[in-house]
Amino acid sequence: MKKIFLVFGVSLILSASAFAEGEKKHGPCKEIREACTKAGFKKGDWKNGDGLFRDCINPIMQGVTTVPSGKLPLPSVDAAIVAACKAKKPKFGEGKVGSK
């Protein structure tokens, strides 16, 4: 029985380690970026009103609810995720909002 417990204990440690590794790859800022991408925003397309950063990420990070020049609605992102992203990368999303 001790051997089974030991194997199980090692398994738990490995699982926790794998979870922590996954969390590093999929942090809060990446979740925001993925939400914007899934909503149809495209990198570098800010002149058309659906740019990834100017029309989605920056407004979300700055607390702007609508972008006047934006043509897509902003996706819903939990405020806790935004706060976690700001804590991890304080300058993420500080750029201009919209194309005007």
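All values derive from a computational prediction rather than experimental measurement.

Enquirer: I keep staring at the pattern of salt bridges and nothing clicks. Help me out?
Expert: For side chains bearing opposite charge, pairing can occur when the charged atoms are close. Inspection of the entire model under this criterion finds one salt bridge. Lys42 is the partner of Asp50 in a salt bridge, and the nearest nitrogen-oxygen pair spans 3.4 Å. Lys42 sits in the partly exposed class, given a relative accessible area of 44%.

Enquirer: It is not clear to me how the state of the cysteines should be interpreted in this structure. Could you clarify?
Expert: The bond known as a disulfide is covalent and runs between the sulfur atoms of two cysteines. Taken as a whole, this structure holds two disulfides when the rule is applied. With a sulfur-sulfur separation of 2.0 Å, Cys29 is cross-linked through a disulfide to Cys85. Across the S-S bond of Cys29 and Cys85 the torsion is about 105 degrees, and the bridge reads as right-handed. On the criterion of sequence distance, the pair formed by Cys29 in helix α2 (residues 28-38) and Cys85 in helix α4 (residues 79-88) is long-range, its members being 56 residues apart. Residue Cys29 is classed as buried on the basis of its relative accessible area of 6%. If the cysteines joined by disulfides in the protein are listed in sequence order, their pairing comes out as 1-4, 2-3.

Thresholds, definitions, all that
Residues numbered from 1 in each chain as written. Predicted model: local features only at pLDDT ≥ 70, side-chain atom pairs only at ≥ 80, totals over all residues. Heavy atoms only, no water. Salt bridge = Lys/Arg side-chain N within 4 Å of Asp/Glu carboxyl O. Buried < 20%, exposed > 50% of the residue type's maximum accessible area, 1.4 Å probe, protein only. Disulfide = S-S within 2.5 Å. Helix = DSSP H or I, 4+ residues; strand = E, 2+ residues; numbered from the N terminus.

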